[in-house]
Amino acid sequence: MSSQPLRNSVTLSDTILASAQNVQAVLAGASLTDSLATTPAPLRAASQAIAFHVMRRLGLVREIKQILVQRTPPNALFDAVLLVSLALLDAAVEFADEASPDHVARRDVPVYAVHTVVDQAVNAVAGQRKMQSYKGLLNATLRGFIRERSAILAQARQNPVAVFNHPKWWIAQVRRAYPAQWQELLSAANRPGPMTLRVNARRSSVEKMLVELDAAGIQALSPAPGAIVLSTPRPVQSVPGFEQGWWSVQDLAAQQAAQLLPIEPGMRVLDACAAPGGKMAHLLERADIELLALDSDALRLERVEQNLQRLGLGGANVSLRCADAMDLDAWWDGRHFDAVLADVPCTASGVVRRHPDIRWLRRETDIASTAALQAGIVDALWHTVKPGGHLLYATCSIFPQEGEQQASHFTERHADAVRKRAPGQLLPLAKDPLLSCDGFFYALFAKKT
């Protein structure tokens, strides 16, 4: 159990306030990743852990707040403090009551003493001039929750959004697509994904990495060729070989892309939506190819370049270009590619384990708009594939509109496309959490000669 004061003299009240600022940013439509980047370094790690926890419990704590507070003051930051405090307090009470059937001791949940949460939450509000008048309301709300927690939770869980901690429309989409697995999928999305490494075969090996990890006291296993899963996530700088480029962080599902796309040395290959560059690096680790990488975000391409340098994969055979993949006139020189990777933009519904804010940022209309964008991208890219060449369609989504339906419509539009063997829809449903992968979809197409 955490205690006060925190490292670097940062108090829990400081962390609650910083976490609330990040939660407020998400509720206003900002990415949690972008918001956390602006959080002061001493507060960032703890704030991230708490903000992630709140995002995974947001449906429940919103409902609890509605029950306890009939009229929330018109202060967005105070509203976020309420949500953060209730999420922390619920975990604290649950942890303290070992006899409770709800008792858990998961490492991903920030747990503090019950009295500490109440005291520090009130301090966080009292220290802000615009919220000082609300400290009595906060104190009363939190203590009311402690007294009536069982009854309040029972009432809150009458709302499916509070039970599954996803928007109502998202729950409906998953239930419609996976009628036998929908509850399991929604529950899996509320558990953090494992930290999985892809070993850079040009600089290390699984065997060498396992020895290095064991020497560093880090428990790990290798569930697939070239992959290592750590028993407990940790900062990349604390894992042997990061600076030396021995490995990259990449989920098991994402690691399949470079293995599915048929490539051989000397081939001309396109990665059409390259950032952040993990799949691109994997292709370069596999074979000496001529690779062109596109992305519409110049800043993200800079990060791709930095990652390639760390991995020792940059060179004359690799070109990075900032361009819209659909605008062929802007970047294509007319020379066809042997292989094209189209890891297209999507709702990212398959990676909510790692980005729990996504479910609250997306809207149901986003599915149709991203599906239309995906179709436009792959239709354009198909022109660049040479006869006999391949295009691998990939999305980190579990919505069929972005997966199987997209693949089926593609073959209907292109008579010269032959669908080849590929995994199709991958789901994060492994019984062992360390072996689970993100939600992903793959379809491989060959162009008739």
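Because the structure is a prediction, the values reported are computed rather than measured.

S.K.: Help me understand the sheet that holds strand E5 (residues 268–271) in this model?
M.R.: Backbone hydrogen bonds hold the strands of a sheet together, and the pairing may be parallel or antiparallel. Ordered in space as E7-E6-E5-E8-E9-E11-E10, the seven strands form an open sheet in which the pairing is mixed. Two strands in the sheet have a free side with no partner beyond their single neighbour: strand E7 (318–322) and strand E10 (417–426). In this sheet, adjacent strand axes meet at a mean angle of 15° when their direction is disregarded. Bridging between strand E8 (residues 337–343) and strand E9 (residues 385–395) involves six bridges; their strand directions are parallel. Considered in E9, the bridge of Leu341 is made with Leu392. The strands that helix H13 (residues 278–286) touches are E5, strand E6 (290–295), E7, E8 and strand E11 (440–447); relative to E6, the one it contacts most, it runs at about 180°. The sheet contacts of helix H17 (residues 365–382) involve E5, E8, E9, E10 and E11, and relative to E9 the element is tilted by about 160°.

S.K.: Teacher, can you tell me more about the packing of helix H4 (residues 58–68) against helix H5 (residues 76–96) here?
M.R.: At their nearest, the axes of H4 and H5 sit 9 Å apart, and the two run at 110° to each other. Accordingly, the angle class assigned to the pair H4 and H5 is roughly perpendicular. For the pair formed by H4 and H5, the contact residues are Leu58, Leu60, Val61, Arg62, Ile64, Lys65 and Leu68 on the first element and Asp79, Leu82, Leu83, Leu86, Ala87 and Asp90 on the second. For the contact of H4 with H5, the residue count by class is nine nonpolar, no polar and four charged.

S.K.: What is the right way to read the pattern of salt bridges from this model?
M.R.: Side chains carrying opposite charge are able to pair once their charged atoms draw close together. Under the counting rule described, the total for this entry stands at 19 salt bridges. A salt bridge links Arg354 to Asp251, with the nearest nitrogen and oxygen atoms 2.7 Å apart. Of this pair, Arg354 sits in the loop between E8 and helix H16 (358–361) while Asp251 is found in the loop between strand E4 (247–249) and helix H12 (256–260), placing the two residues 103 residues apart along the sequence. Overall, Asp251 belongs to the buried group, its relative accessible area being 7%. The salt bridge involving Asp333 is made with Arg268; its shortest N-O contact spans 3.2 Å. With Asp333 in the loop between helix H15 (328–331) and E8 and Arg268 in strand E5, this residue pair connects regions lying 65 residues apart in the sequence. Exposure remark for Asp333: the relative accessible area of 48% places this residue in the partly exposed category.

S.K.: What exactly am I supposed to notice about the packing of aromatic side chains here?
M.R.: Each pair of aromatic rings is reported with the distance of its centres and the angle of its planes. Across all of its chains, the model carries eleven aromatic pairs by this definition. With a centroid separation of 5.2 Å and 65° between ring planes, the pair formed by Trp170 and Phe399 is classed as edge-to-face. Of this pair, Trp170 sits in helix H9 (residues 168–177) while Phe399 sits in the loop between E9 and helix H18 (404–413); the two residues are 229 residues apart in sequence, bridging distant segments of the chain. Judged by its relative accessible area of 1%, Trp170 falls in the buried class. For the ring pair Trp382 and Phe410, a centre distance of 5.3 Å and an interplane angle of 90° mean the geometry is edge-to-face. Of this pair, Trp382 sits in helix H17 while Phe410 sits in helix H18, and the two are 28 residues apart along the sequence. Phe410 sits in the buried class, given a relative accessible area of 2%.

About the thresholds
- Residues numbered from 1 in each chain as written.
- Predicted model: local features only at pLDDT ≥ 70, side-chain atom pairs only at ≥ 80, totals over all residues.
- Heavy atoms only, no water.
- Pairing = 2+ DSSP bridges.
- Helix = DSSP H or I, 4+ residues; strand = E, 2+ residues; numbered from the N terminus.
- Axes fitted to C-alpha atoms, helices over the stretch in contact; angles between N-to-C directions.
- Contact = heavy atoms within 4.5 Å.
- Parallel < 35°, antiparallel > 145°, perpendicular 65-115°, else oblique.
- Nonpolar A, V, L, I, M, F, W, Y, C, P; charged D, E, K, R; others polar.
- Salt bridge = Lys/Arg side-chain N within 4 Å of Asp/Glu carboxyl O.
- Buried < 20%, exposed > 50% of the residue type's maximum accessible area, 1.4 Å probe, protein only.
- Phe/Tyr/Trp six-rings, centres within 6.5 Å; stacked < 30°, edge-to-face > 60°.

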